[in-house]
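# Remarks on the overall topology
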Amino acid sequence: MNMTVGEMLKMMRDPLGAPFYPPALQVLLIVTWVLHIFFVTLALGSSLYAIWGFVRPNENRLRLARIAARLTPNAVGLGIVTGIAPLLFVQTIYDPIWYASNTLTGFWSISFIFVVMGGYSLAYLFYLKGSPDGKLLWSAVASFILIFFAGWIMHVLAAVSIRPERWIEWYAPNGIVDTRGIIFHAWNIPRLVFLLPLQAGLSLAVALTLLAWYFRHNTDDAPFMQWVAGVGRQLGLVISPLYALTGLLWAATEGVEFGIGWQTGTVLGAVGIALTVYFLILRRPMYDAPRTLLIWIGTLLIVGMVREAIRAVSLARFGYSVASYPYIFDWGSILVFAGTTVVGVAVLAYLVMVIYQSGGAKRDASISPRVDRLGAIATGMLGAWFGFFLLVGLYTTLFLK
Ligand code: HEM
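Not measured: the values here are computed from a predicted model. (Residues numbered from 1 in each chain as written. Predicted model: local features only at pLDDT ≥ 70, side-chain atom pairs only at ≥ 80, totals over all residues.)

## Things to note about the site of the ligand
Contacts to the ligand come from 25 residues, most closely from Gly83, Ala150, Gly151, Met154 and His155. Mapped by element, the contributors of at least two residues to the shell around the ligand are α2 (22–55), α3 (59–93), α5 (106–130), α6 (137–161) and α8 (189–214). Partitioned by chemical class, the residues of the shell around the ligand number 17 nonpolar, 6 polar and 2 charged. (Near = placed C-beta within 6 Å. Helix = DSSP H or I, 4+ residues; strand = E, 2+ residues; numbered from the N terminus. Nonpolar A, V, L, I, M, F, W, Y, C, P; charged D, E, K, R; others polar.)

## Details of the domain arrangement of the chain
For the chain, the assigned domains are domain 1 (18–184), domain 2 (188–321) and domain 3 (331–401). Distance from the C-alpha centre of domain 1 to the C-alpha centre of domain 2: 18 Å. Every contact between the two is made by 22 residues of domain 1 and, on the other side, 24 residues of domain 2. The set of elements that each furnish at least two residues to the side of domain 1 that touches domain 2 consists of α2, α3 and α6. No other element matches α2, which puts 12 residues into the side of domain 1 that touches domain 2. Looking at the side of domain 1 that touches domain 2 residue by residue, the class counts come to 15 nonpolar, 6 polar and 1 charged. (Domains from an automatic or database assignment. Contact = placed C-beta atoms within 7 Å.)

## Comments concerning the nonpolar core
Core analysis: the largest hydrophobic core is formed by 91 residues, its most contacted members being Ala43, Ala50, Leu204, Leu208, Ala212 and Val228. Three or more residues apiece are contributed to this core by two domains, here domain 1 (18–184) and domain 2 (188–321). With residues near it in sequence (within four places) discarded, Ala43 still touches Thr72, Ala75, Val76, Gly79 and Ile147. (Core = buried A, V, L, I, M, F, W, Y, C linked by C-beta atoms within 7 Å. Buried ≥ 20, exposed ≤ 12 C-beta atoms within 10 Å, placed from the backbone.)

So this is what it looks like as structure tokens:
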């Protein structure tokens, strides 16, 4: 039987359909990916700064390098957690392409887990045992390489997934099946450089201004914090034009390949130029840090939409679209998802408020009773959620054979 690529893609969809209205899942995919890419790029940026600070130290740089070394494992941890959300969404609306690319790159999609574990553990080792006295620099370097490599694997998985017309040829080159999954079948260097190293520099730039902003009331430390915010601004200023340029290259290669070259070029070029202008006119990087963060998250959202547009036009060639993905409301999953979101957001809001009020506010500030009450409610809900989850598990194990 001769099957077209379009028929193949449709047949590979989950026969049960998506559990919810697919375009809503698509929006959640983009939004959660933004959080993911923010944290993983921050990890990469802070990892590189820590290495640089220890290799070429001066007083300020060394102090910031120690902070960066501490930030890296935290950011990797948040990057992993926030990576799971887009993973779940991509599996519900893009399952045919995601599973195919993971199979065609099987060796690396499994190795990915160990690469990430290694990157995280070594970042932690360097922070804990190396950074106090500037030892074990190799662990920081190895961690940086592994985190970068994890991003490379992610990128190849994405690149393979949007080129279904080549799958058969990759699966069985010259008619001989290759089940090793070891070959990197597709990539786009401008896209990777744009998404990973350049965004790493920009995420770090934003985080540095935020760090200075957080300690803005600590007058004893003002010179150091002013310096940190200045480094953030400079970094932003140097990287933004490169970001614009690489965005144009991405558009000129992958954008043109899928027929939306000038559209992606206009958007990515404009975003890069706007950021350059922003960092240029940013006079008070320390005090304007929250606005800078907002602008950066907005930028990542636009980039997330560009990625999505490229995927959509690629798959539209074969008649595959998220809008026509079959779905059936699965109220069980919808309720568990909604409940988890409410509990998760409450716990997160509590943590963020405690962190803000304990360090960021003026010296004599203490945690307000309202935040304390939110904490009690949030942890109570978390306990209830655990109990509920355990009960569902027991019920399905014992009664749903
Ligand atoms: C820790 C190192 C990691 C780095 C540096 C990293 C980096 C990246 C990058 C650069 C992309 C975009 C690729 C592209 O569009 O070309 C991406 C996408 C993605 N990442 Fe990660 N990632 C990491 C870990 C993870 C983990 C642990 C998970 C899951 C648990 C994850 C889940 C995802 C998913 C699902 C996407 C694709 C979403 C989509 O196609 O819309 N990532 N990641």
